[in-house]
Amino acid sequence: MIKSFKQTFLSLDLPSPRWSSAETMAKDYELRQYETAKWVSTVIRGETQKEAMRQGFWKLFHYIQGKNEKEMKIDMTVPVTCLIKSGCADFKISFFVPFEHQDSPPQPTDSDVFIEERKAAPIFVRSFGGFASPEKYAEEAEVLARVLRNRGQPFHEDFFYTAGYDSPFKLFNRHNEVWYFKK
């Protein structure tokens, strides 16, 4: 599958999961069909979202820097996602596993890090710029939820994902997303 211009632009040439645009709805959101893919993940419990993202990122970064059974360095990918569940203080932070490792990703040596397969799924996506705080992600998720409800689009309301595409050192033209899974 050839990457679309938007996929290439967003990922800044870093590997990212494959998806096709199912439909675009003005500037409010788009519906993407993501392909099945493996992700490396960790769950951080009992912390603020910001602290969970920090801790989770470093656990996963150590994995791609060689803290895995093959002691293999793995390329950074985008986006970095965080699963947010309503009323839950657990946060699942994930990196996409690059394509060359999808069939057989090196197993983590940290017992808190695991490989998961996310099945193909239609996902409603709302994009926004700037530096994304937990409050900004929540605000954008609420906007997306409201728009979907108003348009009669069925979606799983009990959780959403945040998706960050940029290094903290990138100051301009930042790209962030919130995702709701379509029912």
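Everything numeric here is computed off the predicted structure, so don't read it as measured data.

(A) Seen up close, the pattern of salt bridges. Scanning the entire structure with this criterion turns up 17 salt bridges. Arginine 151 is paired through a salt bridge with aspartate 28; the nearest N and O atoms lie 2.6 Å apart. One end of the pair, arginine 151, is in the loop between α3 (134-150) and β8 (159-164); the other, aspartate 28, is in the loop between β1 (19-25) and β2 (29-34), with 123 residues separating them in the sequence. The partly exposed category is assigned to arginine 151, whose relative accessible area is 39%. For the salt bridge of arginine 32 with glutamate 30, the shortest nitrogen-to-oxygen distance reads 3.1 Å. You can call glutamate 30 buried: its relative accessible area is 5%. One connected set of salt bridges, linked through shared partners, spans Arg126, Lys136, Glu139 and Glu140.

(B) Just the side chain of glutamate 116, in detail. Here glutamate 116 is to be found in strand β6 (residues 113-118). Within the structure, glutamate 116 has its side chain in polar contact with the side chain of serine 41 (distance 2.7 Å). Residues contacting glutamate 116, with those up to four places away along its chain left out, are Ala37, Lys38, Trp39, Ser41, Lys92 and Ser94.

(C) The nonpolar core, seen in detail. By size, the foremost hydrophobic cluster in this structure holds 30 residues, and its most contacted members are Val40, Ile93, Phe124, Leu144, Leu148, Val178 and Tyr180. Here the element with the most residues in this core is α3; it accounts for seven residues. With residues near it in sequence (within four places) discarded, phenylalanine 124 still touches Tyr29, Glu30, Leu31, Leu144, Leu148, Gln153, Pro154, Phe155, Val178, Trp179, Tyr180 and Lys182.

(D) How the structure looks around the pairing of strand β5 (residues 90-96). Most of β5 sits out of view: six of its seven residues are buried. Of the pairings in the sheet, the one linking strand β3 (residues 37-45) to β5 comprises seven bridges and is antiparallel in character. Each bridged residue has a counterpart across the sheet, and for isoleucine 44 the counterpart in β5 is phenylalanine 91. Alignment of strand β4 (residues 80-85) against β5, held across five bridges, turns out to be antiparallel. If you follow valine 80 over to β5, its bridge partner there is phenylalanine 95. Linking two consecutive strands that pair antiparallel, namely β4 and β5, is a turn of four residues; a positive phi of about 65 degrees is found at glycine 87 within it.

What counts and what doesn't
- Residues numbered from 1 in each chain as written.
- Predicted model: local features only at pLDDT ≥ 70, side-chain atom pairs only at ≥ 80, totals over all residues.
- Heavy atoms only, no water.
- Salt bridge = Lys/Arg side-chain N within 4 Å of Asp/Glu carboxyl O.
- Helix = DSSP H or I, 4+ residues; strand = E, 2+ residues; numbered from the N terminus.
- Buried < 20%, exposed > 50% of the residue type's maximum accessible area, 1.4 Å probe, protein only.
- Polar contact = N/O pair within 3.5 Å; in protein donor to acceptor, adjacent residues only side chain to side chain.
- Contact = heavy atoms within 4.5 Å.
- Core = buried A, V, L, I, M, F, W, Y, C linked by side-chain atoms within 4.5 Å.
- Pairing = 2+ DSSP bridges.

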